[in-house]
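# Examining the three-dimensional arrangement
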Amino acid sequence: MPAIFESRGRQFDRPDFHDCAFIRAGAEAAPGGLVQEAADAFRGWMRELFTRLGAEAGAADPDTLGHQLQLLYDGAGISAPMDHDSTAATGASAQA
């Protein structure tokens, strides 16, 4: 699990990082359109990845853990550019 947050942290260090393109596009997309569909598919994939990793790690409730990890992942991705804090991934990883 830490590798996901480490990878995210490397993205935050890039000067051209502004946020997750899927979050930005999904927030501005027309409901039911292709952009919203792509954003939803990406988020579903991420949730499934976190849930599967939780199950493989032996979590008692992998679905809840997957949701919680996605919240940390998303929160770090929003916090890093807004707060100009490339260490947001480190904090999210520690919480995970």
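Report follows, based on the coordinates. What you are looking at is a predicted structure, and each value in this text was computed from that prediction instead of being measured.

### Comments concerning the overall build of the chain
Secondary structure summary: the chain contains five helices and zero strands in total. Secondary structure of the chain in N-to-C order comes out as α-α-α-α-α. Whereas a compact globule of 96 residues would reach a radius of gyration of roughly 12 Å, the chain reaches 14 Å, a difference of no more than 12%. Reported as C-alpha extents along the three principal axes, the dimensions of the chain are approximately 40 × 30 × 15 Å. Per-residue burial over the chain gives 31% buried out of 96 residues. In the chain, 7 side chains carry a positive charge and 14 a negative one; their mean positions are 3 Å apart.

### Focus: unusual backbone geometry
Its identity is not glycine, yet histidine 84 carries a phi of approximately 55 degrees, on the positive side. For histidine 84, the position within the fold is in the loop between α4 (62–83) and α5 (88–95).

### Brief notes about the packing of aromatic side chains
Scanning all chains against the criterion turns up five aromatic pairs. When the ring of phenylalanine 5 is compared with that of tyrosine 73, the centres are 6.4 Å apart and the planes differ by 65 degrees; the resulting orientation is edge-to-face. Linking phenylalanine 5 in helix α1 (residues 2–12) with tyrosine 73 in helix α4, this pair joins segments that are 68 residues apart in sequence. Accessibility classification places phenylalanine 5 together with tyrosine 73 in one group, the buried group. With centroids separated by 5.7 Å and ring planes inclined at 65 degrees, the aromatic side chains of phenylalanine 50 and tyrosine 73 adopt a geometry described as edge-to-face. Note that phenylalanine 50 is positioned in helix α3 (residues 34–56) and tyrosine 73 in helix α4, a separation of 23 residues in sequence. Looking at phenylalanine 50, the relative accessible area reads 0%, which means it is buried. Note on tyrosine 73: relative accessible area 10%, which makes it buried.

### Quick word on α5
Since there are 3.6 residues in each turn of an α-helix, residues three or four apart along the chain are aligned in direction. Among all positions in α5, only Ala88, Ala89 and Ala92 are buried. End-on view of α5: buried residues confined to an arc of 95 degrees, all on one side of the axis. When the buried face of α5 is taken as reference, the exposed residues oriented beyond 90 degrees from it are Thr90 and Ala94. Against the buried residues of α5 lie α1 and α4.

What counts, and at which threshold
- Residues numbered from 1 in each chain as written.
- Predicted model: local features only at pLDDT ≥ 70, side-chain atom pairs only at ≥ 80, totals over all residues.
- Heavy atoms only, no water.
- Helix = DSSP H or I, 4+ residues; strand = E, 2+ residues; numbered from the N terminus.
- Rg over C-alpha atoms; globule rule 2.2 N^0.38 Å.
- Buried < 20%, exposed > 50% of the residue type's maximum accessible area, 1.4 Å probe, protein only.
- Lys, Arg positive; Asp, Glu negative; His and termini not counted.
- Charge placed at Lys NZ, Arg CZ, Asp CG, Glu CD.
- Phe/Tyr/Trp six-rings, centres within 6.5 Å; stacked < 30°, edge-to-face > 60°.
- Arc of directions from axis to C-beta.
- Contact = heavy atoms within 4.5 Å.

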